Amino acid sequence: MKRVSYDVVILGGGPAGLAAATKLAKSGLKVLLIENRKHLGGIPVQCIHTGFGLLYFKRDVAGTEFAQELVDMFLSTEADYMVKAHVTEIREKSHGVYELFAITRSGVCRIESKGLIYAAGARERSIFEIWVTGERPEGVYTAGEAQALMDLYGIMPGRDVVIIGSGDVGLIMARRFAVEGANVKAVVEIMPYPGGLIRNVVWCLQDFNIPLLLSHMVRRIEGRSRVEKVVVCRVDEDLNPIPGSEFELKCDTVIVSAGLRPDVDLLAKLGVELEPTTGGPVVNDLLEASKPRLHVAGNALLINDLVDYAVEQGEWAAEGLLERLNEKEVYKAGIKVKVGEGLRFVVPHYISGLRDVTFYMRAQKPMNDVVLEVDEIGFQVELYKARPAEIIRIKIPVRALARSKEVGTITFNARST
Amino acid sequence: MVLRVIIVGAGVIGASIAYVFSTIKNVEVIVVEKEPDVCWGVSKANTGIIHPGHEEDPRAHPLRAKLCVEGNKIWREWSSLMNIPFEERGELMIFTTLEERREALKYVEFAKLNNVPGVSLLEGQEVLMLERGVAPSVLGAVYAKTAGIISPFEATITLIENSVANGAKLLVNTEVKRIIIENGEVRGVETNRGIIDGDVVVNAAGLYSDKLAHTAGVELDFKIRPRRGQYIVFERDVEPKPRVILHTTPTPLTKGVYVVTTVHGNLLIGPTAEDLDYDEKENTATTETGLEQLIKEASKIYRIPPRSKVIRFFSGLRPEPPDGNWLIKAYDDPWGLISVAGIRSPGLTAAPAIAYYVKEIVEEVFDLKFEGKEEIKVIKSMERMAEKSYKEIDKLIRQNPDYGEVVCYCNVVSKAEVLEALRRTLEIGAVPTIDGVKFRTTAGFGRCQGSKCRINVAQIISEVTGKPLHAVMWRRSPIGIGDVKVLLRQEI
């Protein structure tokens, strides 16, 4: 077994991992980035649509371009990287020192590292997780798989398509199928509002006359060999099927875009504390998880709707790790961040009150004329509207946060005025 | 004289019979299967239990009782010989009411009559001592030590591999239209691919064995009814998972629901028991009510994880014969036809014993005494890299770097294993498909259900078979309907 040792190891060669690795390598550390797919760049490599980079590069580029720029930046550093390397286990050897086992074409590699950035992305929820029953014929794909088939491998997965879920990936795939000449019958969304960004509803559905069925669900799939049809029905306010509202949509392909969950199996096995609402780990304002010098960024931390946020988190996690590597004492981030009215989650979960912090949060339901308030520190900001599909990202300066030190908690509330 | 035996159906029954006949001198074995690969019907989707035999009423179903007890013993020999994943776990038939307790006592009695060893009655806390995680409210259980668990598709595939290695021939994508009879004797079968001559036809056609029998003009009243069983599979890392096989006590009203940890480490609950119409032989749909009922029943005896831990649900069909009686017999007319039909539970357990029983029937019909081959080749079931230590994996990779290329991330399956599965598929004469690879390697059985690895597997199949990527088969259909970038690649 090959043994290697690095100052820091980054798990995941997508935007968050590349951004973190670039930053750490530039600071002079010995860095290794590990990716399990064949290429660096992560999911944006299979995204030929634009909408990437407005915040980070200040211009609108396609996913492929965005990924390439990040890869180029990374490759200009001294950092090492492995592709087609599958990490099966992370062990904590001693305080803040980790050992990873990676299966590679040159053997099992045992990698020791003094710090870790975990940026392994997310996984898609499958048709089973959303409890769609019926037959199980060929032609049921997750949106990400269909996207990879089309834009990495050139395969056209279907002709007559029904999409379950109106998250951004589902909307983008609706347009992608339409552009290739498929007949997209409908996008079926169980909630009374779309799951994706408004711009994607307009650009991907309205511009292509694709029906969006809100408050509808796919009850079952029918088809012996290949998908033949889906049975759809309306749902009431509690999301229960309305009897008698069933109808059929003929199709040969079902695309499941039922949301993403942070891919944190390795962290769970390591005993890292996880948080059920985001599905990701509990972190402090250095994006450090409950294990020392283990920082998390990108969709492994929370499901982002803009890749720019993942890059931001990658750099933030890298800065956080750098700080922790220089520090001898235990980092104190004892101020608890609480989720108050109108919100599903707020990340990070703990802060120190010693630095500026960017908070990411998601609204529980669509609201207009919202005031976001943190009562303990008298912080207030007006938002025109809040939608669950769009992450609310608020940067609060240290001078405001410092006030929370006496109270020990801060509570975020999104209130309609 | 060489006896030519045609076995219709490559499920676990057909595969067991093929294996037994392939070890005999002067027998030529031909297995005919309508699907592109073996084990795509009844044998694929069940609980995978090797029953002890104490649930069979020896008065009502003497043959079932006898062959079940025998089968339980033979599987141990076969699985250790061929390295088929099998584990003796013991089982607890748990009762929660006094009525169920009365019912359960019946099985203790059956155990005595059937000579099943290791069956005892446990009361209250004794159950919890054997298996923590069992609902504390249970009254007691019947414990049966010899219950085991097997991977039914790996068992079937391995048996076919061993049959072929010992001279049997498998014909896939070959659907038998009728049994050919001349002057009251079997002459062979007519298939969609032509006529196959044979002296003996063994009807092991599963759900369709009634229809096949009818083409020979026999058993016209014998009709198989599909009984659907739905299952729910949970992630491997749920807690707790039972070590012992658990099931509720079957009563005249409710059939037993199992809670087991599969040989691959997943928590599995099921089945339901729904009698479908005679013509619903392909209806493997799942239903909301069925799945909800399963969770409700299973929760009576064990702590069932939340729905968010479900990775898959599926249905299997069992061929339910009239009155539950297996139809295993030969005929004077047509001479040479052997029915092995309506093999409902415990068919998987009894399969090897059924195979030896069929051998005896053929000996009797043809008035001959078979002699075993001097040398019998043994093919071991595929090994899994994920079950090995890092040291062993490292060694494997040094011998063959394809072991170092992980294609299924959830279950850690390597390219080398996929290649081996494809080699084995081609070796028996079956068609490589994504599902075939899944059953042989477990790639795609993990939490992502293939959304990440399906394309990796498809690429390897494409490399091996030379088929374009979009034409690679996922069960019966290609993964894509075409290639969107042909022009770009200048492949025209």
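This is a predicted model, so every value here is computed, not measured.

> Report on the overall build of chain B, specifying residues and quantitative values.
A count of helices and strands for chain B gives twelve helices and 26 strands. Structurally, chain B occupies a C-alpha span of about 70 × 60 × 45 Å along its principal axes. Counting the 492 residues in chain B, one finds 62% classified as buried. Pairs at least 24 residues apart make up 74% of the contacts formed inside chain B by residues separated by at least 6 positions. Working note: accessible area of chain B is about 19,400 Å², and carbon and sulfur atoms make up 50% of it. Averaged over its 63 positive side-chain charges, chain B has a centre that lies 5 Å from the centre of its 66 negative ones.

> Outline the sheet that holds strand β9 (residues 169-171) of chain B, listing residues and values.
Residues and elements named next belong to chain B. In spatial order, the strands read β9-β2-β1-β13-β21-β20; together these six strands make up an open sheet with mixed pairing. Of all strands in the sheet, those with a lone pairing partner are β9 and β20 (327-330), marking the two edges. Direction aside, the axes of adjacent strands within the sheet are offset by 15° on average. Of the strand pairs in this sheet, β20 and strand β21 (residues 337-341) are connected by four bridges, and their pairing is antiparallel. Opposite Leu 327, over in β21, you have Ala 341 as the bridge partner. In the packing of helix α1 (residues 12-22) onto the sheet, contacts are made with β1 (3-8), β2 (27-32), β13 (200-203) and β21, and the angle to β2 comes to roughly 160°.

> Quick one: what's the story with the domain arrangement of chain A, residue by residue and with numbers?
Residue and element names in this part refer to chain A. One can read the domain layout of chain A as domain 1 (1-124 + 260-330), domain 2 (126-258) and domain 3 (332-417). Averaged C-alpha coordinates put domain 1 and domain 2 at centres separated by 31 Å. Taken residue by residue, the interface counts 13 residues in domain 1 and 17 residues in domain 2. Summing both partners gives a buried area of about 1,200 Å² for domain 1 against domain 2, and 49% of it is carried by carbon and sulfur. Together, Gln 46, His 49 and Glu 124 form the three largest contributors to the area buried by domain 1 at its contact with domain 2, with a combined 49%. Where domain 1 meets domain 2, there are one salt bridge. Residues Glu 129 and Arg 123 are paired through a salt bridge, measuring 3.1 Å at the closest nitrogen-oxygen approach. Counting every contact that joins domain 1 to domain 2 gives seven residue pairs in polar contact (both at pLDDT 80 or more). Taken together, the residues of the side of domain 1 that touches domain 2 sort by class into five nonpolar, four polar and four charged.

> Just give me the short version of the packing of helix α2 (residues 62-82) of chain B against helix α8 (residues 347-365) of chain B, but keep the residues and values in it.
Residue and element names in this part refer to chain B. At a minimum axis distance of 6 Å, the contact between α2 and α8 shows a crossing angle of 95°. Relative to α8, the element α2 lies roughly perpendicular. Residues Leu 63, Leu 67, Cys 68, Glu 70, Gly 71, Asn 72, Ile 74, Trp 75 and Trp 78 of α2 touch α8, and the partners they reach there are Leu 348, Thr 349, Ala 350, Ala 351, Pro 352, Ala 353, Ile 354, Tyr 356 and Tyr 357. Residues of the contact of α2 with α8, tallied by class, amount to 14 nonpolar, three polar and one charged.

> An account of the nonpolar core is requested, with residue identities and associated values reported.
All names here are of chain A. If you look at the biggest cluster of nonpolar residues, it comprises 92 residues, and the most contacted ones within it are Leu 100, Ile 111, Tyr 118, Leu 294, Phe 359, Ile 396 and Phe 412. Here this core takes eight residues from helix α7 (residues 307-326), the largest share from any one element. When we break this core down by domain, the ones giving at least three residues each are domain 1 (1-124 + 260-330) and domain 3 (332-417). What Ile 396 contacts, discounting residues up to four positions off in sequence, is Asp 356, Val 357, Phe 359, Val 374, Ile 377, Phe 379, Leu 401 and Phe 412.

> Kindly report on the packing of aromatic side chains, identifying the contributing residues and their values.
Applying the stated rule across the entire model yields 21 aromatic pairs over all chains. Arranged with centres 4.6 Å apart and planes meeting at 40°, the rings of Trp 335 of chain B and Phe 366 of chain B form a pair that is tilted. In this pair, Trp 335 of chain B is assigned in the loop between β20 and β21 and Phe 366 of chain B in the loop between α8 and α9 (390-399), connecting sequence segments 31 residues apart. Judged by its relative accessible area of 32%, Trp 335 of chain B is partly exposed. Residue Phe 366 of chain B is classed as buried on the basis of its relative accessible area of 15%. An aromatic cluster of three or more residues is present, and its members are Phe 52, Tyr 56, Phe 57 and Phe 66 of chain A. The ring of Tyr 6 of chain A has Lys 30 of chain A sitting right over it, with the charged end atom 4.6 Å from the ring centre.

> Would you mind going over the pattern of salt bridges in detail, with residue names and values included?
In the structure shown here, the tally under the stated rule is 67 salt bridges over all chains. The partner of Arg 362 of chain A in a salt bridge is Asp 305 of chain A, and the shortest N-O contact between them spans 3.5 Å. You can see Arg 362 of chain A sitting in strand β23 (residues 357-363) and its partner Asp 305 of chain A sitting in the loop between β19 (294-296) and α7, a full 57 residues away along the chain. Judged on exposure class, the residue Arg 362 of chain A and its partner Asp 305 of chain A are both buried. The closest approach of N and O atoms between Arg 227 of chain B and Glu 320 of chain B, which form a salt bridge, is 3.5 Å. With Arg 227 of chain B in strand β14 (residues 225-234) and Glu 320 of chain B in strand β19 (residues 310-320), this residue pair connects regions lying 93 residues apart in the sequence. Take Glu 320 of chain B: its relative accessible area is 9%, and that puts it in the buried class. Several salt bridges converge on common partners, so that one network encompasses Lys 84 and Arg 105 of chain A together with Asp 402 and Glu 405 of chain B.

> I'd like a description of the interface of chain B and chain A, backed by residues and values.
Taken together, the contact between chain B and chain A spans 54 residues of the former and 51 residues of the latter. Each partner contributes to the roughly 4,800 Å² buried at the junction of chain B and chain A, and carbon and sulfur atoms together form 54% of this total. On the chain B side of the contact with chain A, Tyr 390, Arg 447 and Ile 481 of chain B bury the most area, a combined 16% of that side's loss. At the junction of chain B and chain A, the tally comes to eight salt bridges. Notably, a salt bridge pairs Arg 219 of chain A with Glu 288 of chain B, separated by 2.5 Å at the nearest N-O pair. Of all the secondary-structure elements, those providing two or more residues to the side of chain B that touches chain A are α7 (288-299), β19, α9, α12 (454-465), β25 (477-478) and β26 (482-483) of chain B. No other element matches α9 of chain B, which puts six residues into the side of chain B that touches chain A. Of the residues that constitute the side of chain B that touches chain A, the class distribution is 23 nonpolar, 14 polar and 17 charged. Bridge count for strand β10 (residues 155-156) of chain A against β26 of chain B is two bridges, and the pairing is antiparallel.

> With reference to specific residues and values, describe the packing of helix α1 (residues 15-26) of chain A against helix α2 (residues 63-75) of chain A.
Residue and element names in this part refer to chain A. Contact pair α1 / α2: the axes reach a minimum separation of 9 Å and the direction vectors enclose 25°. Between α1 and α2, the angle falls in the class roughly parallel. α1 and α2 meet at a crossing whose hand is left-handed. Across the interface between the two elements, Pro 15, Leu 18, Ala 21 and Thr 22 of α1 pack against Phe 66, Leu 70, Val 71, Met 73 and Phe 74 of α2. For the contact of α1 with α2, the per-class residue count stands at eight nonpolar, one polar and no charged.

> Can you tell me about the sheet that holds strand β11 (residues 160-164) of chain A, naming the residues and giving the values?
Residues and elements named next belong to chain A. Read across the open sheet, the five strands follow the order β9-β17-β11-β12-β13; overall the sheet is parallel. Sheet topology places β9 (140-142) and β13 (212-213) at the edges, where each strand pairs with a single neighbour. Sheet analysis places β11 next to strand β17 (residues 253-256), joined by four bridges and oriented parallel. Among the inter-strand pairings, Val 161 is bridged to a residue of β17, identified as Thr 253. Sheet strands in contact with helix α3 (residues 143-151) are β9 and β17, and its direction is about 90° off that of β9.

> Kindly report on unusual backbone geometry, identifying the contributing residues and their values.
When glycine is set aside, most residues are seen to have a negative phi, and most peptide bonds are trans. Note the cis peptide between Val 347 of chain A and Pro 348 of chain A, where omega equals 0°. For Pro 348 of chain A, the position within the fold is in the loop between β21 (343-347) and β22 (350-351). The phi dihedral of Glu 219 of chain B falls on the positive side, at around 55°, and the residue is not glycine. Here Glu 219 of chain B is to be found in the loop between α6 (209-215) and β14. Even without glycine at this site, Asp 323 of chain B takes up a positive phi of about 60°.

> Describe in detail the pairing of strand β11 (residues 185-191) of chain B, supporting the description with residues and values.
In summary, the side chains of a regular strand alternate between the two faces of the sheet. Residue and element names in this part refer to chain B. Of the pairings in the sheet, the one linking strand β10 (residues 176-182) to β11 comprises six bridges and is antiparallel in character. Bridging from a neighbouring strand, Ile 181 pairs with Val 186 of β11. In this structure, β11 lies alongside strand β12 (residues 194-197), joined through four bridges in antiparallel fashion. Within β12, the residue paired with Glu 190 across the bridge is Ile 195. Linking β11 back to β12 in an antiparallel pair, the connection comprises two residues.

Basis of the calculations
- Residues numbered from 1 in each chain as written.
- Chains lettered and ligands numbered in written order.
- Predicted model: local features only at pLDDT ≥ 70, side-chain atom pairs only at ≥ 80, totals over all residues.
- Heavy atoms only, no water.
- Helix = DSSP H or I, 4+ residues; strand = E, 2+ residues; numbered from the N terminus.
- Buried < 20%, exposed > 50% of the residue type's maximum accessible area, 1.4 Å probe, protein only.
- Contact = heavy atoms within 4.5 Å.
- Areas by Shrake-Rupley, 256 points an atom, 1.4 Å probe, with all protein chains shown as cover.
- Lys, Arg positive; Asp, Glu negative; His and termini not counted.
- Charge placed at Lys NZ, Arg CZ, Asp CG, Glu CD.
- Pairing = 2+ DSSP bridges.
- Axes fitted to C-alpha atoms, helices over the stretch in contact; angles between N-to-C directions.
- Domains from an automatic or database assignment.
- Buried area = accessible area lost by both parts, 1.4 Å probe.
- Salt bridge = Lys/Arg side-chain N within 4 Å of Asp/Glu carboxyl O.
- Polar contact = N/O pair within 3.5 Å; in protein donor to acceptor, adjacent residues only side chain to side chain.
- Nonpolar A, V, L, I, M, F, W, Y, C, P; charged D, E, K, R; others polar.
- Parallel < 35°, antiparallel > 145°, perpendicular 65-115°, else oblique.
- Core = buried A, V, L, I, M, F, W, Y, C linked by side-chain atoms within 4.5 Å.
- Phe/Tyr/Trp six-rings, centres within 6.5 Å; stacked < 30°, edge-to-face > 60°.
- Lys NZ or Arg CZ within 6 Å of the ring centre and 35° of its normal.
- Left-handed = near helix turned anticlockwise from the far one by under 90°.

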